[in-house]
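Structural characterization, general
Residues per chain, in single letters:
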Amino acid sequence: MELGIRGKVALVTAASKGIGYGVAKVLLQEGARVVITSRSMDNLRAAESSLKADSSFDVTSFQADLTLEDDLVKLNDFISKQYDGVDILAYNTGPPKIGRFADLDLQDWEYATKLLLMSAVSLCHKLTPSMVTKRWGRLIFITSLTLREPRPNLVLSNTVRLAVAGLMKSLSVEFGPYGITSNGIAQGHIMTDRTKQTSEFEAKRSGRSVEEVIADSVKQVPSGRLGTPEEIGNLVAFLASDKASYVNGVMIGIDGGLVRSLF
Ligand SMILES: NC(=O)c1ccc[n+]([C@@H]2O[C@H](COP(=O)([O-])OP(=O)(O)OC[C@H]3O[C@@H](n4cnc5c(N)ncnc54)[C@H](OP(=O)(O)O)[C@@H]3O)[C@@H](O)[C@H]2O)c1
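What to know about the overall build of the chain
Each helix and strand counted, the chain has 8 helices and 7 strands in total. Against the 2.2 N^0.38 benchmark of 18 Å for 263 residues, the chain shows a C-alpha radius of gyration of 18 Å, consistent with a compact globule. Projected onto its principal axes, the C-alpha coordinates of the chain cover approximately 55 × 40 × 40 Å. The long-range share in the chain, meaning contacts at least 24 apart out of those at least 6 apart in sequence, stands at 75%.

Here it is as structure tokens:
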């Protein structure tokens, strides 16, 4: 199926590894020109060179810490000069600190708000004007299943990501008339470094091995396995495509059936 995103410019944030990397890879396979960002130039160089193993891939990296507004200003300047704006924002973030409420202090809350919410607000402020001018755009917010089903060790994610869902819905209403869609993805357990970290935390807390924690998580998933970053990429590519032009304002779960609620 031709998705109609060949030549479109996509920004994938927090993409030096894990879910962001998988999303970038799939968008590149669909012919998009992709800018990947993260905090570490070394990690980005490694990601870029591995993606460039396919010589047809048009990928560029730019160092930007999502919690630093100066970095986001520089990123936007780079994109404006190099590409005349972004067509597709695949907004992904670094993971927030793991912890229950009593484990977290106010600085943790402020940092998580910058990381998971304010970076989305800032990027949308910067990137939507050119989408409005072009009468075409895709805003895709990669969040977490914690939106639907809070997890005991992920209080920051449980809380702050709800505001991102509100932002996603608000933007779908405000920018829908300009050919821009705004949607979200609430993924379940995806095999990345982050899954290893959360499993290690839970293993320590419960006195089990990391392997036991992962095996117990998998048991809860009707599909019987963890997801892959590329499977998130496939959903992002569909939402970014012309085929999804009437999908607007929804938060789509992708979790192998893990979350049992219907909505
Ligand atoms: N994996 C799962 O099962 C799962 C489930 C639900 C939700 N999530 C959420 O999905 C997101 C991605 O998770 P993941 O599993 O792909 O994690 P990951 O494998 O640890 O990758 C995180 C990525 O974020 C980048 N990053 C971290 N902090 C950043 C910052 N302040 N600014 C810019 N980039 C930053 C990292 O690159 P650098 O180190 O180079 O900066 C890396 O590329 C996270 O928000 C996570 O909480 C994951």
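Observations concerning helix α5 (residues 155-175)
For α5, spanning 21 residues, the distance from its first C-alpha to its last is 31 Å, which sits close to the expected 30 Å at 1.5 Å a residue. Those residues of α5 not exposed but buried are Val 155, Leu 156, Ser 157, Val 160, Arg 161, Val 164, Met 168 and Leu 171. Where the residues of α5 are buried, they touch α4 (106-134), β5 (137-142), β6 (180-187) and β7 (251-254).

Comments concerning the packing of helix α3 (residues 69-83) against α4
In the contact formed by α3 and α4, the axes pass within 10 Å of each other and the chain directions differ by 25°. When the axis of α3 is compared with that of α4, the two are roughly parallel. Considering the relative orientation of α3 and α4, their crossing is right-handed. Residues Glu 69, Leu 72 and Asn 76 of α3 form the contact with α4, whose own contacting residues are Ser 119, Ser 122, Leu 123 and Lys 126. The class makeup of the residues in the contact of α3 with α4 is 2 nonpolar, 3 polar and 2 charged.

Observations concerning the packing of helix α1 (residues 18-29) against helix α8 (residues 229-240)
Direction vectors running N to C along α1 and α8 enclose 50°, while the axes themselves pass 7 Å from each other. Classed by the angle they form, the pair α1 and α8 counts as oblique. Helix-helix and strand crossings are classified by hand; for α1 and α8 the assignment is right-handed. Residue-level contacts link Gly 18, Ile 19, Tyr 21, Gly 22, Val 23, Lys 25, Val 26 and Leu 27 of α1 to Pro 229, Glu 230, Ile 232, Gly 233, Asn 234, Val 236, Ala 237 and Ala 240 of α8. In terms of residue class, the contact of α1 with α8 is made up of 10 nonpolar, 4 polar and 2 charged.

Quick notes on the environment of Ser 56
Assignment of secondary structure puts Ser 56 in the loop between α2 (41-51) and β3 (58-63). Linking Ser 56 and Gly 31, residues 25 residues apart in sequence, is a C-alpha distance of 8.4 Å.

Considerations on the site of the ligand
Around the ligand, the structure places 29 residues, and the nearest of them are Gly 18, Arg 39, Gly 94, Thr 192 and Arg 194. Elements represented by at least two residues in the shell around the ligand include exactly α1 and α6 (193-206). Across the shell around the ligand, the residue classes break down as 8 nonpolar, 16 polar and 5 charged.

Considering the sheet that holds strand β2 (residues 33-38)
Pairing within the open sheet is parallel, and its 7 strands lie in the order β3-β2-β1-β4-β5-β6-β7. Both edges of this open sheet fall to β3 and β7, since each of them pairs with a single strand only. Taking the axes of each pair of neighbouring strands and ignoring which way they run, one obtains an average angle of 20° across the sheet. Here β6 runs beside β7; their pairing, made up of 4 bridges, is parallel. Of the residues in β7, the one forming a bridge with Gln 187 is Ile 254.

A closer look at the nonpolar core
One finds Ala 10, Leu 27, Ala 90, Ile 140 and Val 236 to be the most contacted residues of the largest nonpolar core, which totals 63 residues. Among the elements that take part in this core, α4 stands out by supplying 8 residues, more than any other.

Here we look at the domain arrangement of the chain
What the domain assignment reports for the chain is domain 1 (9-188 + 230-252) and domain 2 (191-226). Of note, the centres of domain 1 and domain 2, computed from C-alpha atoms alone, are 25 Å apart. Counting residues at the interface gives 7 residues for domain 1, matched by 8 residues for domain 2. Across the side of domain 1 that touches domain 2, the residue classes tally to 3 nonpolar, 3 polar and 1 charged.

Quick word on the environment of Ala 90
Secondary-structure assignment places Ala 90 in strand β4 (residues 88-91). In this structure, the C-alpha to C-alpha distance between Ala 90 and Ala 120, residues 30 residues apart in sequence, is 10 Å.

Rules behind the numbers
Residues numbered from 1 in each chain as written. Predicted model: local features only at pLDDT ≥ 70, side-chain atom pairs only at ≥ 80, totals over all residues. Helix = DSSP H or I, 4+ residues; strand = E, 2+ residues; numbered from the N terminus. Rg over C-alpha atoms; globule rule 2.2 N^0.38 Å. Contact = placed C-beta atoms within 7 Å. Expected span 1.5 Å × (residues − 1). Buried ≥ 20, exposed ≤ 12 C-beta atoms within 10 Å, placed from the backbone. Axes fitted to C-alpha atoms, helices over the stretch in contact; angles between N-to-C directions. Parallel < 35°, antiparallel > 145°, perpendicular 65-115°, else oblique. Left-handed = near helix turned anticlockwise from the far one by under 90°. Nonpolar A, V, L, I, M, F, W, Y, C, P; charged D, E, K, R; others polar. Near = placed C-beta within 6 Å. Pairing = 2+ DSSP bridges. Core = buried A, V, L, I, M, F, W, Y, C linked by C-beta atoms within 7 Å. Domains from an automatic or database assignment.

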